[in-house]
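# Overview (structure and organization)
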Amino acid sequence: MSPTLNIAALTRRTGVPPDTIRKWEQRYGVLRPQRTSGGQRRYTESDIARIEWLKARLEEGYRIGEAAALLGDTSVVAASADELRTAFVDAAADADVSTLDAVVHQTLLVEPIEAAFGDVLAPALVEIGERWARGALTVAQEHLASSMVRSALQRLLADRRGAVRGTAVLACAPGEQHEIGLMMFAVLLRADGWEVAYLGPEAPVDDTLALANAIGAAAVCFSAGMATVEDLRRELARRTIPDDLHVVVGGRGTEHADARAAVDELHALHA
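This is a predicted model, so every value here is computed, not measured.

Turning our attention to the pairing of strand β6 (residues 246-250). In terms of strand pairing, strand β5 (residues 219-223) meets β6 through 5 bridges, oriented parallel. Residue V220 lies in a different strand from β6, and its bridge partner there is V247. The handedness of the β5 to β6 crossover, carried by helix α11 (residues 229-237), is right-handed.

The structure is reproduced here in structure tokens:
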């Protein structure tokens, strides 16, 4: 973008006084205007977007330092879930590590956790997977995007909270390696007051049920894909499940494809 706006024009467009703009620019580095030969600042439409984004965060209760750190150096200035999702997919296509990280960070802090998962990160990963299937993205690009989300979810799961509803054991079905959906479900359960024992990919059914029994879990939640769900159901049908242990099978192609519905079901059983 051509830097054509002076600071007065920037103030008119954003409603932010010149002194505040200079302070944000000098103290927090959120704007990097170019200078004319006479030393006057010149700004772009991108600078307007950055200021509007900062204003929105301040209205939500962030301090300017917090908002500036959240915005960072990235060119991503997303005002909606749709824009965040598009920015993440585009960054995956560009293999832009810093922007991928910034979008995930912004998404988890700016959006409510359910919207962050349901409206941004999960559909973005689905789109990236579809592009990979069409040959539009490489395996490396898809893995890079997935790893950025997985790392963020691991940080969220490391945030310990007091459990008020009981313990749930979470595992991917035998043969199921895709765990990001299960990790999102684990974060939602944590937010609902559950202690989560997270086992990850390809957990044997017998071992998972034995662990649940050993720690007195109230629920066992398996994540299964289209290729693994029927085998899992046959394995579970051959086991004797205690009456006080609630078993949930979730994932694409199951009755619990919606993570929020599964959380609500467990919440109702252990309110």
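Turning next to the environment of S46. Within the secondary structure layout, S46 lies in helix α3 (residues 45-59). Taking the C-alpha atoms as reference points, S46 and L71, 25 residues apart in sequence, are found 13 Å from one another.

This part is about the layout of surface pockets. As a volume, the largest pocket reaches approximately 1,500 Å³. Those elements giving two or more residues to the lining of the largest pocket turn out to be α7 (113-133), α8 (139-157), α9 (180-191), β5, β6 and α12 (259-269). The biggest single contributor to the lining of the largest pocket is α7, with 9 residues. The residue makeup of the lining of the largest pocket, split by class, is 19 nonpolar, 15 polar and 9 charged. Here the second largest pocket is characterised by a volume of approximately 300 Å³. If you trace the second largest pocket, you find 14 residues lining it, with L108, I113, A152, L156 and V187 closest to the centre. Listing elements by their share of the lining of the second largest pocket, those giving two or more residues are α6 (97-110), α8 and α9.

Turning next to unusual backbone geometry. Of note in this structure, A95 is not a glycine but carries a positive phi near 55°. By the element assignment, A95 lies in the loop between α5 (81-94) and α6. For A95, a relative accessible area of 39% puts it in the partly exposed group. Backbone geometry places E202, a non-glycine residue, at a positive phi of 50°. Looking at where E202 falls in the secondary structure, it is placed in the loop between β4 (194-200) and α10 (205-215). Residue E202 is classed as partly exposed on the basis of its relative accessible area, which comes to 41%.

Strand order in the open sheet formed by 4 strands is β4-β3-β5-β6, and the pairing between neighbours is parallel. Each edge of the open sheet is held by one strand with a lone partner, namely β4 and β6. Looking at each pair of strands side by side, their axes are set apart by 20° on average, direction ignored. The sheet contacts of α10 involve β3 (166-172), β4 and β5, and relative to β3 the element is tilted by about 170°. Contacts from α12 reach β4, β5 and β6, with the element oriented near 175° to β6.

Right, let's talk about the nonpolar core for a bit. Counting residues in hydrophobic clusters, the biggest one holds 47 residues, and the most contacted among them are F88, F117, V149, L170, F185 and L189. A total of 9 residues in this core trace back to one element, the largest contributor, which is α9. Setting aside its immediate chain neighbours within four residues, F88 contacts L100, V103, V104, A124, L125, I128, A145 and V149. Listed in part, the 20 residues of the second largest apolar core include L5, I21, W24 and A68.

In this section: the environment of E235. Within the secondary structure, E235 sits in helix α11. Discounting residues that sit within four places of it in the chain, E235 has contacts with P174 and V205.

What follows covers α8. Between its first and last C-alpha, α8 extends 26 Å over 19 residues, near the 27 Å set by a 1.5 Å rise per residue. Residues of α8 that are buried sit in contact with α5, α6, α7 and α9.

Reading the values: the criteria
Residues numbered from 1 in each chain as written. Predicted model: local features only at pLDDT ≥ 70, side-chain atom pairs only at ≥ 80, totals over all residues. Heavy atoms only, no water. Pairing = 2+ DSSP bridges. Helix = DSSP H or I, 4+ residues; strand = E, 2+ residues; numbered from the N terminus. Right-handed = clockwise from strand over helix to strand, strands pointing away. 1 Å grid on protein atoms, 1.4 Å probe; cavity = no way out; pocket = protein on both sides within 12 Å on 5 of 7 lines; lining within 4 Å. Points joined across faces, edges and corners; volume = space filled by probe spheres on them. Nonpolar A, V, L, I, M, F, W, Y, C, P; charged D, E, K, R; others polar. Buried < 20%, exposed > 50% of the residue type's maximum accessible area, 1.4 Å probe, protein only. Axes fitted to C-alpha atoms, helices over the stretch in contact; angles between N-to-C directions. Contact = heavy atoms within 4.5 Å. Core = buried A, V, L, I, M, F, W, Y, C linked by side-chain atoms within 4.5 Å. Expected span 1.5 Å × (residues − 1).

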